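# Examining the three-dimensional arrangement
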Amino acid sequence: MTTHSTTINPHAAQPTSLLALSRSLWRNRQLILQMIKREVVGRYKGSAMGLAWSFFNPVFMLAVYTFVFSEVFQSRWGNIGDADSKTQFAVVLFVGMIVLGLFCEVINRAPGLILSNVNYVKKVIFPIEILPVVAMGAALFHSFISLSVLLSAFAIFNGFLHWTAVFIPLVLLPLVILTLGLAWILASLGVFLRDVGQTIGIITTVLMFLSPVFYPVTAVPEKFRPFIMANPLTFIIEQAREVLIWGHLPNWIGLGIYTLAATVIACLGYAWFQKTRKGFADVL
């Protein structure tokens, strides 16, 4: 395969339509997969256990959650019976951590995506708009491993799995779309405003406590509940628990509305990225 290293004009206008994005993703699908693989493998490069760490990390975290919340805090989730609540609390909590981790991993990395790949901007023909997609692909891989650990633990604790778990990809899809839109915006802003990375770290930390990860929404006082529900992670976390833990069908109407809104934000984020990328070379 011939590698093209022709220099292009970094100030040239770039297409901003959804169709242009779709074409770019399809045209560069092999490159995206290769970069995701490099990203995943590179994270554990040099370690003795290598890729196995991607499995043992969530296993270790789930074990810690189970011990701390069932034995130390002796926590109970709102609608779990006392007989099952010790282990189930950790499983319910872990669902929230998976959703939160998927979002935060991409968002925290987004402001530095262009800054850490300057050569792609200046010297060679490279579709830099795929960098957030690659970050999302790597995050999805680790989320898939964590989900596998979660489902295995649920099956061990309960002796069965809910068939509704098959809907989890559809539940996560709107969040993936929304996160990509935000990632394109943040990747661009990170080039021009270097403080964005620090600010986003604070915001995602706050989001962790303002999301129903460690507590059910019903535990929040009524007067504060609208603020929790306005958090874009709340609906997805609750729906993930519905299909994985409680065995209920997802809220299809809610997911449809969320997907529509997320698609609008993704289109705006991509358009913003494409409009501002012509200034990247000057700043970098």
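The structure displayed is predicted, hence computed values, not measured ones.

Over its 14 residues, helix 8 (residues 196-209) extends 21 Å from the first C-alpha to the last, a length consistent with the 20 Å expected when each residue adds 1.5 Å. Where helix 8 is concerned, the buried positions are Val 196, Ile 200, Thr 204 and Leu 207. For helix 8, the angular spread of buried residues about the axis comes to 70 degrees, placing them on one side. Those residues of helix 8 that are exposed and angled more than 90 degrees off the buried face are Gln 198, Ile 202 and Phe 209.

A few words now on empty space enclosed by the protein. All told, the structure shown has two cavities of 30 Å³ or more when counted by the stated rule. Put simply, the second largest cavity is a space of about 40 Å³. Lining the second largest cavity we find Val 95, Ile 98, Val 99, Leu 147, Ile 168, Leu 172, Ala 240 and Leu 244. Contributing elements (two or more residues each) for the lining of the second largest cavity: helix 4 (85-109), helix 7 (168-192) and helix 10 (232-246). Tallying contributions element by element places helix 4 first for the lining of the second largest cavity, with three residues.

Two side chains with opposite charge may pair up if their charged atoms get near one another. Enumeration according to the criterion identifies five salt bridges in this entry. Here Glu 222 and Arg 225 are joined by a salt bridge, their closest N and O atoms 3.2 Å apart.

With that settled, the discussion passes to the environment of Thr 66. With respect to the element layout, Thr 66 can be found in helix 3 (residues 53-72). Distance in space between the C-alpha atoms of Thr 66 and Phe 89 is 7.5 Å, their sequence separation being 23 residues. Not counting chain neighbours up to four residues away, the residues in contact with Thr 66 comprise Glu 71 and Ala 90.

So, about helix 1 (residues 18-27). Residues Ala 20, Leu 21 and Ser 24 constitute the buried set of helix 1. Projected down its long axis, helix 1 shows its buried positions confined to an angular sector of 100 degrees, all on one face. Along helix 1, exposed side chains directed more than 90 degrees from the buried face belong to Leu 19, Arg 23 and Trp 26. Looking at the buried positions of helix 1, the neighbouring elements they touch are helix 7 and helix 11 (252-276).

Summarising the model, the chain shows a mean pLDDT of 88, and 90% of its residues fall at 70 or more. In the model of the chain, helix 3 stands out as the element of lowest mean pLDDT, 79, in contrast to helix 7, which has the highest, 97. Counting interchain partners and residues more than four positions distant, the pLDDT-below-50 stretch residues 1-7 has seven contacts.

Under the criterion given, the structure shown has ten aromatic pairs. Pairing Phe 235 with Tyr 258 gives two aromatic rings, centres 6.0 Å apart and planes at 20 degrees, and the pair type is stacked. Here the residue Phe 235 occupies a position in helix 10, and Tyr 258 occupies one in helix 11, the gap between them amounting to 23 residues. Exposure remark for Tyr 258: the relative accessible area of 13% places this residue in the buried category. Taken together, the ring pairs connect Trp 163, Phe 167 and Trp 252 into an aromatic cluster. Geometry around Trp 26 places Arg 29 over its ring, the cationic atom sitting 3.8 Å from the centre.

Cut-off values and rules
Residues numbered from 1 in each chain as written. Predicted model: local features only at pLDDT ≥ 70, side-chain atom pairs only at ≥ 80, totals over all residues. Heavy atoms only, no water. Helix = DSSP H or I, 4+ residues; strand = E, 2+ residues; numbered from the N terminus. Expected span 1.5 Å × (residues − 1). Buried < 20%, exposed > 50% of the residue type's maximum accessible area, 1.4 Å probe, protein only. Arc of directions from axis to C-beta. 1 Å grid on protein atoms, 1.4 Å probe; cavity = no way out; pocket = protein on both sides within 12 Å on 5 of 7 lines; lining within 4 Å. Points joined across faces, edges and corners; volume = space filled by probe spheres on them. Salt bridge = Lys/Arg side-chain N within 4 Å of Asp/Glu carboxyl O. Contact = heavy atoms within 4.5 Å. pLDDT = per-residue confidence, 0-100. Phe/Tyr/Trp six-rings, centres within 6.5 Å; stacked < 30°, edge-to-face > 60°. Lys NZ or Arg CZ within 6 Å of the ring centre and 35° of its normal.

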